[in-house]
Amino acid sequence: MNQDVIITCAVNGAADTAARNPNVPVTPKQIANSVIEAWNAGAAIAHIHVRDLETTQASRQVDLYAEVCEILRASDCDIVINLTGGMGGDLYVGPEENPADFGKDTDLIGAIARLEHIALLKPEICTLDCGSLNFGDGNLVYISTPDMLRLGAAHIKELGVTVELEIFDTGNLWFALQMKEEGLLADNAMFQLCQGIPWGTPPNAALLKGMVDMLPEGTNWAAFALGRNQLPWVAQSALLGGHVRVGLEDNLYLSKGVLATNGQLVERAVNIIENMGSRVLSPEQARKKLNLRGTQ
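Treat the numbers as computed from the prediction; the structure is a model and nothing was measured. The numbers attached to residues start from 1 for each chain and follow its sequence in the written order. Only residues with pLDDT of at least 70 are given local features in this predicted model, and only at 80 or more are side-chain atom pairs given and counted; all residues enter the totals for whole chains, interfaces and linings. The side-chain figures draw on all heavy atoms in the structure; neither hydrogens nor water molecules are used.

A. Region of interest: the sheet that holds strand β7 (residues 89-92). Spatially, β8-β7-β11-β10 is the arrangement adopted by the four strands of the open sheet, whose pairing is antiparallel. Across the chains shown, the open sheet's two edge strands, defined by having one partner strand only, are β8 (107-108) and β10 (133-134). Pairing between β7 and β8: two bridges, direction antiparallel. Considered in β8, the bridge of G89 is made with L108. Any two strands are treated as partners once DSSP identifies two or more bridges connecting them. The way it works is that DSSP assigns letters per residue, a run of H or I at least four long becomes a helix, a run of E at least two long becomes a strand, and they are numbered from the N terminus.

B. Expanded view of the sheet that holds strand β2 (residues 7-10). Strand order around the closed barrel formed by eight strands is β2-β3-β6-β9-β12-β13-β14-β15, with parallel pairing between neighbours. Strand-to-strand, the axes of this sheet are offset by a mean angle of 25°, without reference to chain direction. The contact criterion used is simple: two residues touch if any of their non-hydrogen atoms lie within 4.5 Å. Only the contacting stretch of a helix is used when fitting its axis, a line to C-alpha atoms as for every element, and angles between N-to-C directions run 0 to 180 degrees. Packing of helix α7 (residues 230-239) onto the sheet brings it into contact with β13 (190-195), β14 (220-225) and β15 (243-246), and relative to β15 it is tilted by some 170°.

C. Seen up close, the packing of aromatic side chains. Side-chain rings of Phe, Tyr and Trp, where Trp is taken by its six-membered ring, are said to pair if the distance between their centres is within 6.5 Å; with planes under 30 degrees apart they count as stacked, over 60 as edge-to-face, and otherwise as tilted. Following the criterion strictly, the structure yields zero aromatic pairs and no others. Here, a charge over a ring means that NZ of Lys or CZ of Arg falls within 6 Å of the ring centre while also lying within 35 degrees of the ring normal. Residue placement shows R245 over the ring face of F224; its charged tip is 3.9 Å from the ring centre.

D. Highlighting the side chain of R245. Residue placement: R245 occurs in strand β15. Whenever two N or O atoms come within 3.5 Å, that pair is a polar contact, provided that in protein one can donate a hydrogen and the other can accept it, and provided that, for residues adjacent in sequence, both atoms are side-chain atoms. Side-chain polar atoms of R245 contact the side chain of E249, separated by 3.3 Å. Setting aside its immediate chain neighbours within four residues, R245 contacts T8, A10, H47, E166, Q192, A223, F224, Q230 and D250.

E. Broad picture of helix α8 (residues 262-275). Each helix should span, by expectation, one fewer than its residue count multiplied by 1.5 Å. For α8, which comprises 14 residues, the first-to-last C-alpha distance of 20 Å matches the rise-based estimate of 20 Å (1.5 Å per residue) to within 8%. Think of it in three bands: residues with accessible area under 20% of the maximum for their type are buried, residues over 50% are exposed, and the middle band is partly exposed, with areas taken using a 1.4 Å probe on protein chains only. Every buried residue of α8 is accounted for by N262, G263, L265, V266, A269, V270 and I273. On an axial view of α8, the arc spanned by its buried residues comes to 160°, and they lie on one face. Downstream of α8 by a residue or two, G277 has a phi angle that is positive, lying close to 95°. The arc under discussion is defined with respect to the helix axis, by the directions toward the C-beta atoms.

F. Examining the pairing of β15 more closely. Residues H243 and R245 line one face of β15 and the alternating positions V244 and V246 line the opposite face, and both faces are buried. When β2 meets β15, the two strands line up parallel, connected through three bridges. Along β15, the bridge assignment pairs I7 with V244. Bridging between β14 and β15 involves two bridges; their strand directions are parallel. Directly across from A223, in β15, lies its bridge partner V244.

G. Seen up close, the environment of G152. As for its position among the elements, G152 is in helix α4 (residues 146-159). Distance in space between the C-alpha atoms of G152 and L140 is 22 Å, their sequence separation being 12 residues. Excluding anything up to four places from it in sequence, G152 contacts A111 and L115.

What follows is the structure, given as C-alpha cells:
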C-alpha cells in the first residue's frame, strides 16, 4: 500500500458536461478558482483543460490556458499545474457510404501543434495520450499514432516538462514502455492508468493490477476510474501502491443524484486515504516525490 499519496484533481475535462453540472468550471477565472478550491481541500496537482467561453465546449485556445496559469501563478496557491496535451486528436469518421468524409466536429492536428501551449507556458506536468482509441459509441476515434507519440514525447522532454502518460489500454502501456526503452521519456515520467473510458480498459481491479505489474520498479503512477467508480478507485489505487485522481472531469456526482464540486471530491479522497492510514502529500512534497523541476 502507498503510505504517501498524491491527489490530482482533474477539474473540468473536455467532455460536454458543463450543462449537466453547473460546478464544472468554464471561464479561466472559474477554472482557476476551482483549482484553488481543490488545493484548499488537499489536492497537490491540478489537471486542467480549457473551454470555449460561448459554447462551453472543449477548446485548445492558447490564450485561455495562459489566462488560467497567470491567475494561478499570481495567487498564493502553490498547486502543481498539469495541462492537458491531448486536444486536437478527434476524428469523426464519415458515414458508411463515404467514411473519408470526416465529420464537421473533427479536430485533428499534428503532435507538435497539440503542445503549443505547453511550449509557451511550461507547466510542471503535461499529459500525453498514449494511443488511438474508439472513443465511446459512434464514429469518434481519438488519434494518437506511434509516430505522433514519438514526436510528442521527444518535444515534451526537450521542453523540460514532466510527462504524464495517459494509458487507456494495455497496448498504450506497452507502447509507453517502448518509448521509455527508446530514451524518449525522462526518468521521472509519470503513468496515469485510466479505466472506464469507453472503449478502453474497463474498471476492473484485476486489470488494474495487471497493468501495475507491467510497470518498472520505482515508477510513479496513479489510476482513476469514471463515474461511480471514481471514489472506490482512490482506495484501489492506494492499495496497489499508486497515487490517485478525482475531479469533475471524470465524475459529476458526490453520491447518487447529488452533484459534486471539485473540492468535495478531493475532501472525500482525503478521507479515504487518511482512513486507510496513509497521508496526503502537499504540493511541495509531491514535487519532491515526483522530482519535478519546480514552478516557472
